[in-house]
Amino acid sequence: MPNPNVTLTAADRSVTLPLVEGSQGPSCVDISSLYRETGHFTFDPGFAATASCKSAITFIDGEKGVLLYRGYPIEQLAERSSFLEVAYLLLEGELPTEAEMTKFEHSVTHHTMMHESLKNFLRGFHYDAHPMAMLCASIASLSAFYHDTLDIQDPDQRRLAAIRLLAKMPTIAAASYRYSIGWPIRYPRNSLGYVDRFLHMMFEVPSEPLELNPVVAEALDLLFILHADHEQNASTSTVRLVGSTGANPYASVAAGIAALWGPAHGGANEAVLKMLTEIGDAKNVGRAIERAKDKQSGFRLMGFGHRVYKNFDPRARIIRAKCHEVLHKLGIHDPLLEVALKLEEAALKDDYFIEHKLYPNVDFYSGIIYKALRIPTEMFTVMFAIARTAGWIAHWIEQHEMPGGRIGRPRQVYVGATPREYVALDKR
Ligand code: CMC
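Residues numbered from 1 in each chain as written. Predicted model: local features only at pLDDT ≥ 70, side-chain atom pairs only at ≥ 80, totals over all residues. Heavy atoms only, no water.

Describing the pairing of strand β4 (residues 58-61)
Then, in step 1: Of the two faces of β4, the one lined by Thr58 and Ile60 and the one lined by Phe59 and Asp61 are each fully buried.
Then, in step 2: Two strands pair when backbone bridges link them, and β4 and strand β5 (residues 66-69) are joined in this way by four bridges, in the antiparallel orientation. If you follow threonine 58 over to β5, its bridge partner there is tyrosine 69.
Then, in step 3: The hairpin turn running from β4 into β5, its antiparallel successor, is four residues long, and glycine 65 in that turn takes a positive phi close to 70°. (Buried < 20%, exposed > 50% of the residue type's maximum accessible area, 1.4 Å probe, protein only. Helix = DSSP H or I, 4+ residues; strand = E, 2+ residues; numbered from the N terminus. Pairing = 2+ DSSP bridges.)

Laid out in structure tokens, this is it:
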């Protein structure tokens, strides 16, 4: 049996550190006593080799392209489950029985309304505000509306806050969009399922009834499943870091939305579509590849690369297939898909992309599907936020239920000025 410890030696001091084993994946060296024992910190910018917590929610094997939610392969969930069932699974740890699912669905459905005063809040935004700005601020503001769920020590309040976030996110997302285009805000319809209800709130107009296309709802449900969780990604780590201070769930999730917005994370889907539009034609793909390889250009291929997946992103495979199916079923011929296919083909053959292990990620094709579903570009990252809410609330609950939680407080390598004397203004 291998020695379950690691010994580190620094100058004349050495320390034996225990290994922490999970149920799968590499073991971790527990360095929590390192500073005390040796006076050294560890340095790991971007946390590329650091596990920040224990979690039983999602497992990723980046080398093999494996993604499991609570042990279930993403491929099986994408094929056979629904977003709401996946949300239950992430939250509760098990797939629901029929009775549990009915109760959960009922509970989510009956918390979809947003407080009427939130409309006043939305009206405070300028008409051209980005919906992510409105979503982030509105979700943070929920803590001012729902005081009965701010006691994070109370498990019932925690669960109710989680349900509220899951339920209200699509309502607020659709309201933000409609406000930005000057359409009247729609109330959620209880008779519809989670995804249909969202589509209804997005697209229904007073002048004519809305015919919901099942192809659209099915595709959106799949995209929501694929985006529901991804272990300790930047936004989830943000939710946990904010949550570790004892902040309320709405503030914690609003912080996650802010983190998601960046183009290196959830903002990539919007950036992909902008990039494909800029490339414009398959004949310009070669030039885009050359620019992406030139570090001086500051240009990256959006929708390519991933911190963890170094072989392929299993979500991208599923989305790629769905993208073709949706476009075919909806009878859409989108020239951007041709640009995307050409770009993917050229990048996968290119030595730079092969050596750097850069493959299309989940966001590469999702924008094209969203476009086909008539979701406006500035709403793409909002779609991601709706789906990732399932993961954020599951992690927020887990962090409060797992013993041993501490405030997240990283250290630094200080590179600033050493101590010096203050100089009076007239002497500088
Ligand atoms: N195009 C060109 N070069 C790239 C790209 C890219 N998309 N991504 C990484 N590289 C290069 C990078 O320049 C670096 O090269 P070198 O080692 O020669 O200096 C190397 O690959 C490693 O890059 P990194 O930035 O250190 O890698 P990371 O793990 O810190 O970043 C990433 C991962 C996803 C932020 C990055 O690949 C990226 O910026 N991709 C484009 C944005 C994107 O699609 N983001 C969505 C991620 S998936 C969904 C989600 O998490 O929200």
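Having seen the structure, we can now continue with the description.
Re the site of the ligand
Then, in step 1: Inspection of the region around the ligand gives 22 residues, with His265, Leu301, Gly303, Arg307 and His356 positioned closest.
Then, in step 2: Between the ligand and arginine 307, the relevant distance is 2.8 Å, taken from an oxygen atom to a side-chain nitrogen or oxygen of the residue.
Then, in step 3: In this structure, an oxygen atom belonging to the ligand sits 2.8 Å away from a side-chain N or O atom of histidine 356.
Then, in step 4: Expressed as a share of its isolated accessible area of 940 Å², the protein-covered part of the ligand is 74%.
Then, in step 5: Per-class residue counts for the shell around the ligand are 11 nonpolar, seven polar and four charged. (Near = heavy atom within 4 Å. Polar contact = N/O pair within 3.5 Å; in protein donor to acceptor, adjacent residues only side chain to side chain. Areas by Shrake-Rupley, 256 points an atom, 1.4 Å probe, with all protein chains shown as cover. Nonpolar A, V, L, I, M, F, W, Y, C, P; charged D, E, K, R; others polar.)

So, the pairing of strand β1 (residues 5-10)
Then, in step 1: When β1 meets strand β2 (residues 13-20), the two strands line up antiparallel, connected through six bridges. What sits directly across from asparagine 5, in β2, is proline 18.
Then, in step 2: Two successive antiparallel strands, β1 and β2, enclose a turn made up of two residues, where alanine 11 displays a positive phi of approximately 55°.

Considering the side chain of serine 143
Then, in step 1: Examined against the element boundaries, serine 143 turns out to sit in helix α6 (residues 131-145).
Then, in step 2: From its side chain, serine 143 meets the backbone oxygen of alanine 140 in a polar contact 2.7 Å long.
Then, in step 3: Sequence-distant contacts of serine 143, that is, excluding residues within four places in its chain, are made with Leu150, Asn248 and Tyr250. (Contact = heavy atoms within 4.5 Å.)

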